[in-house]
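# Coordinate analysis (summary)
The chain contents come next:
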Amino acid sequence: MQIAPLSLFVSATLLSLSVSAQDTATVTAIESERTEKQAELDNYTQVLDKHLSEETRLQAQLDLLRQRSAELDKEKNQALDAMNDIYRRLIDDPSLDISAAQSRYQQAVAEHKQNKEDIVMQLAAIASHRKDIEQIRVTKHTLVNTIASLNDQLSTARIERLRNEFSREGTLEVDHTINCKRTETLAACEQRGQQLGLQKATKHFIDQIFANLTEQRVVEPKRHLAGAQVQVVSSHVVGSAFSGQGNYSVNLSVTMRGDVNNSRLCSLLNLDNRYCSEYGSPLAVGYQASYPTTFSDEQLTFSNELSKSAPVVSVARMPAAPDIKTEVVPQPPKNREVELTLRSNVYDDEVFINGVSYGSTKLVVNLPTGMHDIEVRKLGYEPYKASLNLRRARTLNARLVKKPESIAAPTPKSEQTQPTNVAQPVKVVTPDRVINETVIIPAGSFKMGDLTGNGLANERPVVEKVLSHSYVMQSKEVTVAEFRRFIDSSQYVTEAEKGKGCAHYKNGEPVWEIDYNWRSPGYEQADDFPVVCVSYEDAKAYANWLSGDQGMQYRLPNEVEWEYAARGDTTSEYPWGNEIGRNQANCGWCGSEWSNKSPAPVGQFAANAYGLYDTVGNVWEWTQKRASQDDVTVRGGAWNFAPSLARVSTRLALAPDFRANYIGFRLVRER
C-alpha cells in the first residue's frame, strides 16, 4: 500500500531552547551592564570637563590675585613713603594733619593682607579641586577598564551562546520518494531511499539551526566556514511502501543533534581567535571548508551495523515481493580514520601534519591510519619533529626547547626581513654586577596616536612625530632588586611608605591599602619582578640616583619617545599585530599564567623589534610630563587591565603622587 505523500514538518521543535534563553539572557545582562557603565563613564567625562573648566577659572582668579598682590604691594610701599615723608615734615610743623596719610597706609596694609589671605584660600580651593579631579580620573580609568572587561565577557558569552545553538537537538519527520533502478533489488532500493531520506533530514536540520541562530545575519554569510555537522541520535521508519510504478516511498522520524567546529566560532562572529582558544585551533588564513555540511550516502547507511559516530535504531522494513529475490548490496570499504591529540609546552605554536598547517595546540584531529610527519613550530624555539605510524587513537605531547639568545618579536615584519635599524642590546657593566640591559632606539619618524580607530578620545588626533636623534632605553622595566639597591644606597623613603600606602584593585575598584608599598605590594614577588607602588616623584628620584651612580644622565621617557620605542617600527595595535592573541603578554584575560594575578618577572615574553620587553601589559609605566602639565601619563597597560588598554597608543593621566601595585617604570639614557 502506498503511503500518502507528506511534506516535511517538525514533529518536535529544536531542544535546548531553555539553554539558549539562558545564554541570551547572559548576553543581554552583560550588554545592559555595559550600557550602564558607559553612561556612567559619559557622565564622569562631563563632570571632569566641568571640573577642568572650573580649575581653569580658579587658576585665572589666582593669576589676577597675584597681579593684584604686586599692585597692592606697590601701593603699600608708596603709602608708607608718603607717611614717612609727612612724619619728617611733622617735626618742623607740629600742626600738620597726618590722618589722611595714616588712613591711606592702613588701608593699603589691610588690602594687601586680605589679598594674601585670598591667595592662600584660592590655592587651597585649587588643591581641593585637583584632588576631586584626580578622583574623577581614577574613577574614569576604573570604568574604562570595567567596560573593556565587559566587552571581553560579552564576546565570550556570544561564543558560548552560538556554540550551544549549534549543539541543539531535535526531531524531524521527513518523507522521500525515489525511483528504483531496474538493476537493483528491492532491498537495495529500500536502503538507498532511506539513506537519501536521512540525508534530506540532516540538510533540513542544518537549515533550521542556521535559521534559528540569534546572530543569524552575522553568521549566514560565513556559513561555508562553520563546519556545521549533524549527529543522528536515533531514527526509525514511520511508514514505507513500494508502488506499482517502481517507486519507493519512506517516512522517517529522525532525532538529531547539531555540532560545529568550535575553533571556527570566532571567525563566524568576527571576533579575536583568543576567545575560541579553549575550543581548539583557530582557522588558518584563507581556509575553506573541505567537507560538506551533511552526511554522505556512505555515512548515512541503514545497515544492521550501528554507526559508531551516529547510532541509528533498527529500521522496520516492508516485506519484499515474493517473486523478487532480496539481497544485501555489499558496501565499499571505508578509509578508517583515528583521532590524534596534540599538545605542547608552549602557547601560540603552529602544527604541521604532512606539511599542511593545522593551527595551534591543543589540537584534536582525525587522520587516516598510516605514517604521518608531525612538526610543531614556534618563533624563538627549536621545532619539534616526529614521524608517527598512526594505527589507533593517540595523544602526542610535543616539548619545544627555546633557542638561545632569541629576542625576535612574533611580528610578520620580523619574520620576513630584519630591518637595518633594529636596535642591538647594550650591557652596562659595573664592577660587581650587570644592571638593566639597554638598547639603542634609532632616530626616525612615526604616526603617534590611535591609528585604527579603536582607542580612547585622548589618543586622538593622530600626529606625525619626528625623532631627530637616537636614544638609549632600558630594555626591561626597573626591577625590585634594582630599586632596592637605590633604597639601600640613598636611604630614600617612597611616598607609599610615608603616606597612605598604595592603591590596588579590589572588587573592580581602586582602593588604598596603608600597608602596601614597593616591598609588599599585595602579592608575592621576587627580585626580577617590576617594582611597583612607586609614584612619579619616586621614579624621578631613582633616575637621579642612577645618573650619579653610573655617571650618565638617566630620566623617564617622554610620551613620544615611549610610544615610538614601544611600537617597534609597526603601525598595529600591538607590536605583533592588531589582535592580542594568547600568552603574548601579561594583561587581564590575555591567557598568561600571571593574567589578573600579578605582574610577571620582567622579560618573560618576546621583545619587540627594538629589543624592548613588556611594552604591552605587565605594569603601566610612568612617562616624563611636560612643564605645562599638572598630571602625568602612564603607558602600556597592566596585568589586571583589559587587553584593549594595553595597546601601544593607550594613555591614562594620573596625579604625580598616585601610586598603585600595577604601575612601574623604565628609563632612557641621554647619549
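Refer to the structure printed above.
Read on for a plain summary of the structure. (Residues numbered from 1 in each chain as written. Predicted model: local features only at pLDDT ≥ 70, side-chain atom pairs only at ≥ 80, totals over all residues. Heavy atoms only, no water.)

When you go through the protein residue by residue, the secondary structure sums to 10 helices and 28 strands. Each of the 671 residues in the protein was classed as buried or not, and the buried ones make up 47%. (Helix = DSSP H or I, 4+ residues; strand = E, 2+ residues; numbered from the N terminus. Buried < 20%, exposed > 50% of the residue type's maximum accessible area, 1.4 Å probe, protein only.)

So, on to the packing of aromatic side chains. One pass over the full model with this rule turns up 21 aromatic pairs. Measuring from centroid to centroid gives 5.6 Å for Y542 and F665, while their planes differ by 65°, and the two rings are edge-to-face. Residue Y542 is found in helix α9 (residues 536-550), and its partner F665 is found in the loop between β27 (663-664) and β28 (668-669); the two are separated by 123 residues along the sequence. A relative accessible area of 3% means that Y542 is categorised as buried. A connected cluster of aromatic rings, assembled from ring pairs, spans F483, F486, Y492, W518, Y542, W545 and F665. Over the ring of F210 we find R223; its NZ or CZ atom is 4.3 Å from the centre of that ring. Over the aromatic face of F352 sits the side chain of R377, whose NZ or CZ is 3.8 Å from the ring centroid. (Phe/Tyr/Trp six-rings, centres within 6.5 Å; stacked < 30°, edge-to-face > 60°. Lys NZ or Arg CZ within 6 Å of the ring centre and 35° of its normal.)

This part is about empty space enclosed by the protein. Applying the stated criterion across every chain yields a total of 6 cavities of 30 Å³ or more. Volume-wise, the largest cavity comes out at about 100 Å³. Every residue lining the largest cavity is counted, 13 residues in all, and those nearest its centre are W576, A606, D614, T615 and V616. Looking at side-chain class alone, the lining of the largest cavity contains 9 nonpolar, 3 polar and 1 charged residues. (1 Å grid on protein atoms, 1.4 Å probe; cavity = no way out; pocket = protein on both sides within 12 Å on 5 of 7 lines; lining within 4 Å. Points joined across faces, edges and corners; volume = space filled by probe spheres on them. Nonpolar A, V, L, I, M, F, W, Y, C, P; charged D, E, K, R; others polar.)

Bringing the sheet that holds strand β24 (residues 620-622) into the picture now. As summarised here, the arrangement of the 4 strands in space is β26-β25-β24-β27, forming an open sheet in which the pairing is mixed. The open sheet has two edge strands, β26 (651-654) and β27, and neither has a second partner. Here β24 runs beside β27; their pairing, made up of 2 bridges, is parallel. Looking at the pairing, W620 lines up with I663 of β27. (Pairing = 2+ DSSP bridges.)

So, about the nonpolar core. F483, Y542, W620, W622, Y662, I663 and F665 are the most contacted members of the largest nonpolar core, which has 48 residues in total. Counting residues in hydrophobic clusters, the runner-up holds 33 residues, among them L162, L213, L252 and L269. (Core = buried A, V, L, I, M, F, W, Y, C linked by side-chain atoms within 4.5 Å.)

On to the environment of V120, then. Within the secondary structure layout, V120 lies in helix α2 (residues 99-166). Residue classification places V120 among the exposed positions, given a relative accessible area of 55%. Between the alpha carbons of V120 and L62 there is a distance of 9.4 Å; along the sequence they are 58 residues apart.

On to the pairing of strand β4 (residues 247-259), then. The element β4 is extensively covered by neighbouring structure, given that 11 of its 13 residues are classed as buried. Of the pairings in the sheet, the one linking strand β2 (residues 169-179) to β4 comprises 11 bridges and is antiparallel in character. Along β4, the bridge assignment pairs H176 with V250. Relative to β4, strand β3 (residues 229-242) runs antiparallel, the two sharing 12 bridges. For S234, the partnering residue across the bridge sits in β4 and is T255. Counting the residues between successive antiparallel strands, the hairpin from β3 to β4 contains 4 residues, one of them, G246, with a positive phi of roughly 80°.

A separate point is the state of the cysteines. A full pass over the atoms with the stated rule returns 4 disulfides. A sulfur-sulfur separation of 2.0 Å characterises the disulfide bridge that pairs C180 with C189. Torsion about the S-S bond of the C180 and C189 cystine: about -80°, corresponding to left-handed handedness. When its relative accessible area of 1% is taken as the criterion, C189 is described as buried. (Disulfide = S-S within 2.5 Å.)

Their axes nearest at 10 Å, the elements helix α7 (residues 480-490) and α9 cross at an angle of 75°. It follows from the interaxial angle that α7 and α9 lie roughly perpendicular. The segment α7 lies against α9, with E482, F483, R485, F486, S489 and S490 engaging D538, A541, Y542, W545, L546, D549 and Q550. In terms of residue class, the contact of α7 with α9 is made up of 6 nonpolar, 3 polar and 4 charged. (Axes fitted to C-alpha atoms, helices over the stretch in contact; angles between N-to-C directions. Parallel < 35°, antiparallel > 145°, perpendicular 65-115°, else oblique. Contact = heavy atoms within 4.5 Å.)

What follows deals with the sheet that holds strand β8 (residues 363-368). Taken in spatial order, the 3 strands of this open sheet run β8-β5-β12, and their pairing is mixed. Each of the sheet's edge strands pairs with one partner strand only, and the pair in question is β8 and β12 (394-398). Recorded for the sheet is a direction-independent mean angle of 30° between the axes of neighbouring strands. Sheet analysis places strand β5 (residues 337-344) next to β12, joined by 5 bridges and oriented parallel. Directly across from L342, in β12, lies its bridge partner L396.

Turning next to the pattern of salt bridges. Under the defined criterion, the tally for this structure stands at 35 salt bridges. Note that R68 and E111 form a salt bridge whose closest N and O atoms lie 3.9 Å from each other. Here E111 lies in helix α2 and R68 lies in helix α1 (residues 17-92), a separation of 43 residues in the sequence. Residue classification places E111 among the partly exposed residues on the basis of a relative accessible area of 30%. Its salt-bridge partner being E497, residue R519 comes within 3.1 Å of it at the nearest N-O pair. Here R519, found in the loop between β22 (509-513) and α9, pairs with E497, found in helix α8 (residues 495-498); they are 22 residues apart in sequence, far enough to count as distant. (Salt bridge = Lys/Arg side-chain N within 4 Å of Asp/Glu carboxyl O.)

Time to look at the side chain of D23. Note that D23 resides in helix α1. Buried charge without a partner: D23 forms no salt bridge, and the closest opposite charge is R161, 6.8 Å away. In contact with D23, other than residues within four places in its own chain, are E160, R161 and N164. (Lys, Arg positive; Asp, Glu negative; His and termini not counted.)

Next up on the list: the environment of T369. For T369, the position within the fold is in the loop between β8 and β9 (370-377). For the pair T369 and R391, spaced 22 residues apart in sequence, the C-alpha to C-alpha distance is 5.3 Å.

Further remarks concern unusual backbone geometry. Here the amide bond leading from R460 into P461 is cis, since omega sits at 5°, within 30 degrees of zero. As for its position among the elements, P461 is in the loop between β18 (444-448) and β19 (463-467). With phi around 60°, N596 is a residue other than glycine that occupies positive phi space. Its location among the elements puts N596 in the loop between α10 (559-567) and β24. The backbone phi angle of N618 is positive, close to 70°, even though this residue is not glycine. For N618, the location among the structural elements is in the loop between α10 and β24.

A separate point is the pairing of β22. Two faces belong to every sheet, and in a regular strand the side chains alternate between them. As judged from the 5 bridges shared by strand β21 (residues 502-506) and β22, these two strands associate in the antiparallel manner. Looking at β22, one finds that Y505 is bridged to P510. The antiparallel hairpin formed by β21 and β22 contains 2 residues in its connecting segment, where N507 sits at a positive phi of about 55°.

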